[in-house]
Amino acid sequence: AQSVSQHNHHVILSEAASLELGCNYSYGGTVNLFWYVQYPGQHLQLLLKYFSGDPLVKGIKGFEAEFIKSKFSFNLRKPSVQWSDTAEYFCAAADNQGGKLIFGQGTELSVKP
Amino acid sequence: EAQVTQNPRYLITVTGKKLTVTCSQNMNHEYMSWYRQDPGLGLRQIYYSMNVEVTDKGDVPEGYKVSRKEKRNFPLILESPSPNQTSLYFCASSSYTGQGTGEQYFGPGTRLTVT
């Protein structure tokens, strides 16, 4: 069955710490991969996406993610977090031929000033 | 301004009373979708549509109906709401290319409470 799994439910960091959020997917064919962010009280916004090509993807606000096909992973990274990065982060995968989109359970990130 | 709008934003209703949540996008997107968000479960796809008159089930379609008669609108219908449908609902739209769905643009959400 298709699935997306995020390892960390809640991560607490101090400002300037480095961030890595794990995401693993299980999909039968070629997938498109996404990271979305949801700031408190707001709707989801796209951070970055991977369809094909360079497996290291750069997104907005200094975030990047690396697609490792052999590990079925698409981990999100940021070298130095800020208090304003406090939010919930969702990894998602979609079949590149269909319309079904599956989200992970989300990771809540709290950054202490 | 490019946007996805949902109405109502908040709704409290009683078990069994039919309701419709509207969703509209002004970006001429082919693809539209509905999700529900529940704590600890992330977002789960209810239904999606890849174009007018084309709809398909997501992961949790039971108890919901949709229609896509116009490209810009994708209403979500709960024929007989039950308390387990209390949730935060998001509509989203995106372009659809040969590589599948693109970036999804989300609406502001509809918080539904069924008593």
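Below: a short report on this structure.

Things to note about the state of the cysteines
Residue and element names in this part refer to chain A.
Inference 1: Inspection of the entire model under this criterion finds two disulfides over all chains.
Inference 2: In this model C23 forms its disulfide with C91; the gap between the sulfur atoms is 1.9 Å. One disulfide, between C23 and C91, carries an S-S torsion of -65° and so falls in the left-handed class. Linking C23 in strand 4 (residues 23-26) with C91 in strand 10 (residues 87-95), this pair joins segments that are 68 residues apart in sequence. In terms of burial, C23 and C91 fall into one category: buried.

Section: the pairing of strand 10 of chain A
All names here are of chain A.
Inference 1: Among the nine residues of strand 10, seven are classified as buried, and the element is accordingly described as predominantly covered.
Inference 2: Relative to strand 10, strand 5 (residues 31-38) runs antiparallel, the two being bridged by eight bridges. Its bridge partner lying in strand 10, Q38 is registered against E88.
Inference 3: Pairing of strand 10 with strand 12 (residues 107-112), which is carried by three bridges, proceeds in the antiparallel orientation. Pairing of E88 across the sheet is with E108, part of strand 12.
Inference 4: Relative to strand 11 (residues 101-103), strand 10 is paired through three bridges, and the arrangement is antiparallel. The partner of A94 across the bridge, within strand 11, is L101.
Inference 5: Between the end of strand 10 and the start of strand 11, which pair antiparallel, lie five residues.

What counts, and at which threshold
Residues numbered from 1 in each chain as written. Chains lettered and ligands numbered in written order. Predicted model: local features only at pLDDT ≥ 70, side-chain atom pairs only at ≥ 80, totals over all residues. Heavy atoms only, no water. Disulfide = S-S within 2.5 Å. Helix = DSSP H or I, 4+ residues; strand = E, 2+ residues; numbered from the N terminus. Buried < 20%, exposed > 50% of the residue type's maximum accessible area, 1.4 Å probe, protein only. Pairing = 2+ DSSP bridges.

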